[in-house]
Structure formats: C-alpha cells, structure tokens
Amino acid sequence: MQTTELVDKIVAFLRTEVGLTVLETTLSTDTFLPGLTLRGSTILFDRQKLENSGDLLHEAGHLAVLSAAVRAQYADGAVIPTDLMDTAELGALAWSYAAITHLGLPPEIVFHTKGYHGRSEGLLLGFSVGIFPGLMQLENAGMALSNVNAAASGAAPFPAMLRWARS
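Values in this document were obtained by computation on a predicted structure and should not be read as measured data.

J.: Where do I start with the packing of aromatic side chains in this structure?
T.: Aromatic ring pairs are reported here in terms of the distance separating the ring centres and the angle at which the planes meet. Applying the stated criterion across every chain yields a total of 9 aromatic pairs. Ring geometry for phenylalanine 13 versus tryptophan 164: centroids 5.0 Å apart, planes at 90°, classification edge-to-face. Taken together, the residues span a long stretch of sequence, with phenylalanine 13 in helix H1 (residues 4–18) and tryptophan 164 in the segment after helix H7 (147–153) at a distance of 151 residues. Taking the relative accessible area as the measure of exposure, phenylalanine 13 reaches 2% and is therefore buried. For tryptophan 164, a relative accessible area of 12% gives the class buried. For the pair phenylalanine 111 and phenylalanine 127, a centre-to-centre distance of 5.2 Å together with 40° between the ring planes defines the contact as tilted. One end of the pair, phenylalanine 111, is in the loop between helix H4 (82–102) and helix H5 (120–128); the other, phenylalanine 127, is in helix H5, and 16 residues separate them in sequence. Here phenylalanine 127 falls in the buried class, since its relative accessible area comes to 3%.

J.: Before we go on, may I ask you to explain unusual backbone geometry in this structure?
T.: Residues apart from glycine generally show negative phi values, whereas peptide bonds are mostly found in trans. Here phenylalanine 158 and proline 159 are connected by a cis peptide whose omega angle stands at 20°. Tracing the sequence through the fold places proline 159 in the segment after H7.

Criteria and cut-off values
Residues numbered from 1 in each chain as written. Predicted model: local features only at pLDDT ≥ 70, side-chain atom pairs only at ≥ 80, totals over all residues. Heavy atoms only, no water. Phe/Tyr/Trp six-rings, centres within 6.5 Å; stacked < 30°, edge-to-face > 60°. Helix = DSSP H or I, 4+ residues; strand = E, 2+ residues; numbered from the N terminus. Buried < 20%, exposed > 50% of the residue type's maximum accessible area, 1.4 Å probe, protein only.

The following block contains the structure:
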C-alpha cells in the first residue's frame, strides 16, 4: 500500500508525535532504501522514489531508540558501536511495530516482503502471537513496558508506548 494519504499520515505522526524532522525532497543519488535516507537526525524522502512507506517508520525507529547524542552520530553515517547494535536494530523492529499499531495500519506496511532479508513473514507471525523482538531494548530505554511490568505499574503494555523518542 503506497498512497499519498498513507505517506502523509506517517510523516505527520513522525513530526508531531515523535518529534523527528522529516523533509520531502528530490533525492538525486542512490540511497540504501529507495527514496529514503538519513542526514544528521533528519529523515529525507523522495515521494516519487519511495517504494515502501513503512520504511519511513523503520528508519525513524532507528533514530527514536538511540539517545540524542548517538542519534546524530549514527545518522551522519558513522558505524553504530557494537554495544548499541541491538538497541538500534531490535529496538527499531519493536518501535516500528508499535508505531504501525498506534496508527491503526496493517503491520505488513512495515514488514513488507521486500524487507528484512526474507524474514518479514516470521516477524509478522511472532508479533501476532505476542513475541516482540526488541521490546527489551525499548523497556531498557524507558519507552515501553512488557505485560508483567505494565501490570505492576498500572500502565498499558507494549505495543503501547510510554514515549516515542529516547532523550
């Protein structure tokens, strides 16, 4: 599903609820994902070249789960330090699932067949039965709570989020 309305809904969420800078522009060079790149802590996208609108959410998840200081370094093309790799990748999986759920959209928009090195179907199955890769990273960052910890605190459990971006 790639529509103007869908892209607009995702971009509005990233700007207003998450607080990320998202700019629509013309990208003249090849990018890691078609029509999408990160520059600093800014998400740049080219609507004409964007193949999967869900990629906006996954890449935003990478930014959102990292601290502001690391976020700027990572997005500028630096290699993520090994000790932050789980947070960056696994956290982005859980974050993007929470985001797509929050938006009331099908998870296949994020976990589409062209992504995740052929593991989209397995990720979708896991999420559908309550196996949440990356939830531990979100919980450690104070962004979401597991069922057990949510029950103990009276908060809503994942996929509800306590906050959308790490400070």
